[in-house]
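Coordinates in review
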Amino acid sequence: MNIASLTIDRVREGLRGREFSSLELTTAALQHAREQNRITNAYIDFSEDRALTAARRVDEKLAQGEDPGPLAGVPVAVKDVIVTKGVRTTCGSKLLANFIPPYDATAVERLEAAGGIILGKTNCDEFAMGSSNENSAFGPVRNPHALDRVPGGSSGGSAAAVAQGTAVVALGSDTGGSIRQPASFCGVVGVTPTYGRVSRYGLTAFASSLDHIGPLARSVRDAALLLQVIAGRDPLDSTSADAPVPDFRAHLDGQVKGLKLGLPREYLKDLTSETGDLIAGAVKTLSKLGCEVREISLPATDYAIACYYVIATAEASSNLARYDGVRYTIRSASAESLTDMYRNTRGEGFGAECKRRIMLGTYVLSAGYYDAYYLKAQKVRTLIARDFANAFAEVDAIVAPVSPFPAFKIGEKIDDPMAMYLSDIYTITGDLAGIPCMSVPCGKTAEGLPVGLQILTRHFEEARMFRLADAFEQAGGGN
Amino acid sequence: MKITEQQVRYVADLANLRLSDEEVRKFQADLDEILAHMDRLNEIDTSQVEPMTQVLYGAEETATLRADEPRPGLGTELALANAALAGSGYFKVPEVIKR
């Protein structure tokens, strides 16, 4: 058994066939992950006790002939912005370096109830703000495909762990591309479900109208199963959707002939030539599968970055107000008054990118600027969502690049925030519209850097998205 | 300049963020560049457009209110477990009112 290339199905087979116990697999997976973590720094913490307890539970169920659940024994990594009861959850921030959550996120609870084994918490940009994982107080993550390059962000640790083989699947979070972009950079599958498809209860809030939890995996099949387990209405998140969750795996049947796909011309303008070639190759593969690909237009795309960085920072400035030195462990040692204590704690605790976004968000919400920025951005958001609605009247799905370029070098963009923001251009639109979107590998550059193809569908049409992605993957689209 | 140094300091106060002089200069430059990009929003006519106040507006699925029934909460001990400073069942903060 090769731990680094395990699939959910392979774990199930191995457990059912008594080839290994859940405890044996978990012990081996933890040891492997600890060793490999020296290379990438993908994990911040390992949750060994919790993992071994969960593994014993799976073994007991198996011994008693009970169903141990669809994720039984599967080693899972969880992004460190998702709370885990009793297991430190840092959000990649100095401010939460000692934070031990008193409850579990709903997604965490569901994946453990399904038999999943949480190996540990993965590194990420501080409070999920960043596109390179360089904004972590716990050090950058290295891309397993090229150690001098970023894994993408903000779910860089989750993507790197799955790519490196130190987890079979992982949970990430996506507000402006934080699952799809690192998935693309690390050559794995990353899924941002419909807004509300997965409960945000226990996901540390960044921008509440844009935040999603979603899976990262080495195959569409595994990503679909993980989403299956975590999706569905949760009374603890009033924005979680009370919509039926179809059997996603049942849709992985290769039936994509005749599907109408739109290729937005606004998403092809600024690609590096290699990314452009790989996307063109992917389109060719889809055409060979019988899909009908046509060019479409999403005219509001040019305004998406501006729209996103108004809304996301406004919401962030409000959400991050809670880190005030009172409830969350770290407090500045130097403070005479209450206000000083707040200011010093936040000034000492937040990293540069969080401060920049809090400043920007506070500015756009401040008296006299609300209409010019926030209200204006919300109107533009309507136009971006309308673009997609218009497109979906003509096509069944949209295919596009995830990022204009493959993984960049560590340090390359960190001093240029605007350049970093612009790199989110093709992923933020899906979040703004709240539609499901994903990245599936579509090949590598000459240097061996992975590139992802993005697939977007209508609200709640993840099943169609998975069917197309799976057919593409099965046709060798990732090679 | 879209934003002055004085405005940067004002916004930092609103956000309860202590910034060094160096940070003030850096953020003034950064915010200036980003706000200039955001001005692009003014190129697009939105006079006939409603703001998007809900992500799945009109979707029945999210129109949900639970029954207003009491449920157990975290409890004082757990709620205070991560406090920077706590005692006697309270969060402790620096003195607010001088005796």
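Note that the structure is predicted; figures quoted are calculated from it, not measured.

Conventions we followed
Residues numbered from 1 in each chain as written. Chains lettered and ligands numbered in written order. Predicted model: local features only at pLDDT ≥ 70, side-chain atom pairs only at ≥ 80, totals over all residues. Helix = DSSP H or I, 4+ residues; strand = E, 2+ residues; numbered from the N terminus. Rg over C-alpha atoms; globule rule 2.2 N^0.38 Å. Buried ≥ 20, exposed ≤ 12 C-beta atoms within 10 Å, placed from the backbone. Contact = placed C-beta atoms within 7 Å. Core = buried A, V, L, I, M, F, W, Y, C linked by C-beta atoms within 7 Å. Axes fitted to C-alpha atoms, helices over the stretch in contact; angles between N-to-C directions. Parallel < 35°, antiparallel > 145°, perpendicular 65-115°, else oblique. Left-handed = near helix turned anticlockwise from the far one by under 90°. Nonpolar A, V, L, I, M, F, W, Y, C, P; charged D, E, K, R; others polar. Pairing = 2+ DSSP bridges. Arc of directions from axis to C-beta. Expected span 1.5 Å × (residues − 1). Bend = angle between axes of the 7 residues up to and from the residue. pLDDT = per-residue confidence, 0-100.

**Thoughts on the overall build of chain A**
A count of helical and extended segments in chain A gives 15 helices and eleven strands. Relative to the compact-globule value of 23 Å for 479 residues, chain A shows a C-alpha radius of gyration of 21 Å, a close match. By its C-alpha atoms, chain A is 65 × 50 × 45 Å across when sized along the principal axes. The 479 residues of chain A split such that 63% are buried.

**Section: the interface of chain B and chain A**
Quoted interface sizes are often the accessible area lost when the parts come together. Across the boundary between the two partners, chain B contributes 41 residues, which contact 59 residues of chain A. Secondary structure elements with two or more residues in the side of chain B that touches chain A: helix H1 (5-14) and helix H2 (21-38) of chain B. With seven residues, H2(B) is the largest single contributor of residues to the side of chain B that touches chain A.

**Details of the environment of A:Glu447**
All names here are of chain A. Residue placement: glutamate 447 occurs in the loop between strand S10 (437-444) and strand S11 (450-456). Look at glutamate 447 and you get exposed, because 11 C-beta atoms sit within 10 Å. A sequence separation of 78 residues divides glutamate 447 from tyrosine 369, and the C-alpha atoms of the two residues are 46 Å apart.

**Observations regarding the nonpolar core**
A:Val76, A:Cys307, A:Val310 and A:Ile455 are the most contacted members of the largest nonpolar core, which has 168 residues in total. When sequence neighbours within four positions are dropped, the list of residues in contact with A:Cys307 reads A:Ala377, A:Val380, A:Arg381, A:Ile384, A:Leu432 and B:Leu41.

**What to know about the packing of helix H9 (residues 304-319) of chain A against helix H12 (residues 370-392) of chain A**
Residue and element names in this part refer to chain A. At a minimum axis distance of 9 Å, the contact between H9 and H12 shows a crossing angle of 125 degrees. With respect to H12, the axis of H9 lies oblique. H9 and H12 meet at a crossing whose hand is left-handed. Residues Ala304, Cys307, Val310, Ile311 and Ala314 of H9 form the contact with H12, whose own contacting residues are Tyr373, Tyr374, Ala377, Gln378, Val380, Arg381 and Ile384. Here the contact of H9 with H12 is composed, by residue class, of ten nonpolar, one polar and one charged.

**As for the sheet that holds strand S7 (residues 260-264) of chain A**
All names here are of chain A. The strand order S1-S3-S2-S4-S6-S5-S10-S11-S9-S7-S8 describes an open sheet built from eleven strands, whose pairing is mixed. A single partner strand is all that each edge strand has here, and the edge strands are strand S1 (43-46) and strand S8 (292-296). If you compare each strand with its neighbour and ignore which way they point, the axes differ by 30 degrees on average. The strands touched by helix H7 (residues 220-230) are strand S4 (169-174), strand S5 (189-192), strand S6 (212-217) and S10; relative to S6, the strand with the most contacts, the crossing angle is about 145 degrees.

**Details of the pairing of S11(A)**
All names here are of chain A. Among the seven residues of S11, seven are classified as buried, and the element is accordingly described as predominantly covered. Burial along S11 is two-sided: Pro450, Gly452, Gln454 and Leu456 facing one way and Val451, Leu453 and Ile455 facing the other are all buried. Across four bridges, strand S9 (residues 397-401) lies against S11 in antiparallel orientation. Residue pairing for S11: proline 401 is matched across the bridge by leucine 453.

**A word on unusual backbone geometry**
All names here are of chain A. Looking along the chain, the bond that leaves glycine 153 and enters serine 154 is cis, with omega of 5 degrees. Residue placement: serine 154 occurs in the loop between strand S3 (117-122) and helix H5 (156-164). The phi torsion at alanine 128 lies on the positive side, around 65 degrees, for a residue other than glycine. Following the sequence through the fold, alanine 128 ends up in the loop between S3 and H5. Phi is positive for asparagine 133, close to 65 degrees, though the residue is something other than glycine. In this fold, asparagine 133 is placed in the loop between S3 and H5. For asparagine 133, a count of 35 C-beta atoms within 10 Å translates into the label buried.

**A word on the environment of A:Ala367**
All names here are of chain A. Summarising the element assignment, alanine 367 is placed in the loop between helix H11 (352-365) and H12. Overall, alanine 367 belongs to the exposed group, with 6 C-beta atoms counted inside 10 Å. Residues alanine 367 and glycine 116 lie 251 residues apart in sequence; the distance between their C-alpha atoms is 48 Å.

**Things to note about H1(B)**
Where H1(B) is concerned, the buried positions are B:Val8, B:Val11 and B:Ala12. Buried residues in H1(B), looked at end-on, bunch into an arc of 105 degrees, giving them a common side. Those residues of H1(B) hidden inside the fold are in contact with H11 of chain A together with H2 of chain B. A positive backbone phi angle near 55 degrees is found at B:Asn16, which sits one or two residues after H1(B).

**Re H12(A)**
Here H12(A) contains 23 residues, and its C-alpha end-to-end distance of 32 Å stays within 8% of the 33 Å for a straight helix at 1.5 Å per residue. At A:Lys376, H12(A) shows its strongest bend, of approximately 25 degrees.

**Looking at the packing of H9(A) against H2(B)**
It is at 8 Å that the axes of H9(A) and H2(B) come closest, and there the two elements cross at 120 degrees. Accordingly, the angle class assigned to the pair H9(A) and H2(B) is oblique. Within the contact between the two elements, H9(A) uses A:Ile305, A:Ala306, A:Tyr309 and A:Val310 and H2(B) uses B:Ile34, B:His37 and B:Met38. Here the residues of the contact of H9(A) with H2(B) are counted per class, giving six nonpolar, one polar and no charged.

**A closer look at the confidence of the model for chain B**
Atomic detail in the predicted coordinates should be set aside for any region of low pLDDT. Residue and element names in this part refer to chain B. Looking at chain B as a whole, the pLDDT averages 89, with 91% of positions reaching at least 70. No element of chain B has a lower mean pLDDT than helix H3 (residues 76-80), which averages 93, and none a higher one than H1, which averages 97. Listed scores for the predicted complex are pTM 0.97 and ipTM 0.93.

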